[in-house]
Amino acid sequence: MSKKIIFVTILIVLVLFTNIAITLAATKTELQNQQSDLNSKIENTKNEISEVEEQMSTTMKQIQSLTAQISEYEIQIDDLDKQLQELESSIAETQVKLEEAEKKYNEQESNLQARIVAQYEAGETTYLDVLLGGGSLWDMISNWQVASDIAEMDNRLLEQIEANKIEIEEAKKTLETNRQQVETIKNNKQSTAQTLKSSQETKEQYVSQLSQDEKSLQEELDQFEADKQAIQSELAELARKEAASGKSGTIITGNPSASGYIFPVAGLSKNNINNRNYPSYPGHTGVDVNINVVGKSVVAVKSGTVEISTALTNSNGTYRSYGEYVVINHHDGTMTLYAHMIAGSRTVSKGQSVSQGQVLGIVGSTGRSTGTHLHFEVRINGSAVNPLPYLP
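Residues numbered from 1 in each chain as written. Predicted model: local features only at pLDDT ≥ 70, side-chain atom pairs only at ≥ 80, totals over all residues. Heavy atoms only, no water.

K.L.:
When you look at the overall build of the protein in this model, what are you seeing that I'm missing?
P.N.:
Along the protein, the regular secondary structure elements total five helices and nine strands. Across the protein, helices and strands are ordered from the amino to the carboxyl terminus as α-α-α-α-α-β-β-β-β-β-β-β-β-β. Long-range contacts, defined as pairs at least 24 residues apart, comprise 72% of the intrachain contacts of the protein with a sequence gap of at least 6. A total accessible area of about 23600 Å² is found for the protein, and carbon and sulfur atoms account for 53% of it. (Helix = DSSP H or I, 4+ residues; strand = E, 2+ residues; numbered from the N terminus. Contact = heavy atoms within 4.5 Å. Areas by Shrake-Rupley, 256 points an atom, 1.4 Å probe, with all protein chains shown as cover.)

K.L.:
Would you mind showing me how to read the pairing of strand β4 (residues 319-329) here?
P.N.:
Most of β4 sits out of view: ten of its eleven residues are buried. In this sheet, β4 lies alongside strand β3 (residues 304-313) in antiparallel orientation, the contact comprising seven bridges. Bridge pairing in β4 links Thr 310 to Tyr 325. Taken together, β4 and the strand that follows it, strand β5 (residues 334-341), pair antiparallel across an intervening segment of four residues, in which His 331 is found at a positive phi of about 55 degrees. (Buried < 20%, exposed > 50% of the residue type's maximum accessible area, 1.4 Å probe, protein only. Pairing = 2+ DSSP bridges.)

K.L.:
Please explain a negative patch on the surface as it appears in this structure.
P.N.:
A surface patch of like charges, here negative, comprises Glu 99, Glu 100, Glu 167, Glu 169 and Glu 170. Those elements that place two or more of their residues in the negative patch are α2 (58-121) and α4 (137-207). If one sorts the elements of the negative patch by residue count, α4 sits on top with three residues. On the secondary structure map, Glu 170 appears in helix α4. (Patch = residues over 30% accessible without salt bridge, like charges linked within 9 Å, V, L, I, M, F, W, Y side chains within 5 Å. Salt bridge = Lys/Arg side-chain N within 4 Å of Asp/Glu carboxyl O. Lys, Arg positive; Asp, Glu negative; His and termini not counted. Charge placed at Lys NZ, Arg CZ, Asp CG, Glu CD.)

K.L.:
Just to check I follow, could you spell out the environment of Thr 174 for this structure?
P.N.:
In this fold, Thr 174 is placed in helix α4. Classification of Thr 174 as partly exposed rests on a relative accessible area of 34%.

K.L.:
I would appreciate a short explanation of the nonpolar core in the present structure.
P.N.:
Nonpolar side chains tend toward joint burial in soluble globular proteins. Among the nonpolar cores identified, the biggest contains 26 residues, and Val 289, Val 326, Tyr 338, Leu 360, Leu 374 and Phe 376 are the most heavily contacted of them. Counting only elements with at least two residues in this core, the list comes to β1 (287-289), β4, β5 and β8 (374-380). With three residues, the single largest contributor to this core is β8. Those residues in contact with Leu 360, other than ones at most four positions away along the chain, are Val 298, Val 299, Ala 300, Val 326, Ile 328, Tyr 338, Met 341, Ser 345, Arg 346, Thr 347 and Val 348. By size, the runner-up hydrophobic cluster in this structure holds twelve residues, among which are Leu 235, Leu 312, Tyr 322 and Met 335. (Core = buried A, V, L, I, M, F, W, Y, C linked by side-chain atoms within 4.5 Å.)

K.L.:
What is the right way to read the environment of Leu 238 from this model?
P.N.:
By the secondary structure assignment, Leu 238 is in helix α5 (residues 212-245). Expressed as a C-alpha distance, the spacing of Leu 238 and Gly 382, which sit 144 residues apart in the sequence, is 8.1 Å. If near-sequence neighbours (up to four positions away) are discounted, Leu 238 is found in contact with Glu 307 and Met 335.

K.L.:
Help me understand the side chain of Ser 345 in this model?
P.N.:
Residue position: Ser 345 is located in the loop between β5 and β6 (353-354). Here the side chain of Ser 345 touches Ile 342 through a polar contact of 2.7 Å, landing on its backbone oxygen. Excluding residues that lie within four positions of it along the chain, Ser 345 makes contacts with Leu 360, Gly 361 and Ile 362. (Polar contact = N/O pair within 3.5 Å; in protein donor to acceptor, adjacent residues only side chain to side chain.)

K.L.:
What's the story with the pattern of salt bridges in this structure? I'm lost.
P.N.:
In this structure the tally under the stated criterion is three salt bridges. Asp 332 serves as the salt-bridge partner of Lys 302, at 3.0 Å between the closest nitrogen and oxygen. Here Lys 302, found in the loop between β2 (297-299) and β3, pairs with Asp 332, found in the loop between β4 and β5; they are 30 residues apart in sequence, far enough to count as distant. Here Glu 324 and Arg 346 are joined by a salt bridge, their closest N and O atoms 2.6 Å apart. Of this pair, Glu 324 sits in strand β4 while Arg 346 sits in the loop between β5 and β6, placing them 22 residues apart in sequence. Note on Glu 324: relative accessible area 5%, which makes it buried. When its relative accessible area of 26% is taken as the criterion, Arg 346 is described as partly exposed.

K.L.:
Sorry, what's going on with the confidence of the model for the protein here?
P.N.:
Low-confidence regions, as indicated by low pLDDT, have predicted coordinates that should not be scrutinised in detail. In the predicted model, the protein carries a mean pLDDT of 74, and 66% of its residues have values of at least 70. Here helix α1 (residues 3-55) stands out as the element of the protein with the lowest mean pLDDT, 46, in contrast to β2, whose mean of 97 is the highest. Contacts for the low-pLDDT stretch residues 1-26, under 50 throughout, to residues beyond four places or in other chains number one contact. Confidence over residues 36-55 falls short of pLDDT 50; this stretch has seven contacts with residues more than four positions distant or in other chains. (pLDDT = per-residue confidence, 0-100.)

K.L.:
Help me understand unusual backbone geometry, please; the structure alone is not making it clear to me.
P.N.:
In most cases, non-glycine residues show a negative phi, while peptide bonds are predominantly trans. Omega for the bond connecting Tyr 278 with Pro 279 falls within 30 degrees of zero, at -10 degrees, which places this linkage in the cis form. Notably, Asn 292 is not glycine yet its phi reads approximately 55 degrees, a positive angle. Following the sequence through the fold, Asn 292 ends up in the loop between β1 and β2. With a relative accessible area of 56%, Asn 292 lands in the exposed category. Positioned with a positive phi, His 340 is a non-glycine residue whose angle comes to about 70 degrees. The topology assignment puts His 340 in strand β5.

K.L.:
Explanation requested: the side chain of His 330 in the structure shown.
P.N.:
Take His 330: it is sitting in the loop between β4 and β5. A distance of 3.3 Å separates a polar side-chain atom of His 330 from the backbone oxygen of Lys 302. Not counting the four nearest positions on each side in its chain, His 330 is found in contact with Tyr 261, Val 301, Lys 302, Ser 303, Gly 304, Met 335, Thr 336 and Tyr 338.

Okay, structure coming up:
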């Protein structure tokens, strides 16, 4: 082999090794940069957690616990009020039916008394007298038909009287049962209202101990709680109307995992939920998907209809509570809520039909949020339930 060929070969090998070294160096640098970014994100998250913990003094944590209790008592009272309305409506309907049945009964009883009086005034006349009262065979047949019709009418009248009597008795029993239930519910409501009042007074005592900055933060949290209550009432009313109209479709029963949901953030799973306890803190009504979520799409976990697609803002235009959020009715007894999406990223509107996996927006941090994440909820009859069993 000539020296020239050997030289060229060595040169080629050197070039190849140089390229590989450069590539490895670039890859190493890239990995180091990624590691640095990851460490930075971890540090930022720790700082956010520390910031929240610093904001939440012991007194504020006690207030938060009381706020969660108060919210629960208010929900109970709201439910009791609805039960009372339904019972009072049922009592009014039953009362009308009772009055109608008693009116019919009195009319039928008067008719029967009139028949008895008429028979008495006719003396000893019998059906045989009526039959033989005619002069010919055709008269006798005609008289027999009349007597038969009268007897049939008498029997029907007696049957109607008996049926109305039973209806009256059943209506009275229903009224008595409903009235007893009303009294029980009123007593429960009074007891719950007293407990609520006590919790509110205790909360006010704690609030008076807060600093001005803490009071401002507490006002934000109270506004968030008020927004949640308003949303719950709205969704509960929607669920009630849907159930009354028979449009609920197949209702999920038994194991929630049979709901057929997909994960609410495209390409992610439960592994991207940092805290999988429910609730992760008092008053938290959902789960937060918060690992590797930047730039990810929020998707519908199941097909349905958009009930809410809006942004909660203060009078000065700043975001509050859920920020940019969407609620989907899946017409199976459940609704799902997706909150804190990036401003302007919502892609759906109220009343729109959506398919499973359809993009609703982008994961963000609008509203009452300390970092980029998706706040996800499952609601039944307006009330939040643990969403984790519904997710794959």
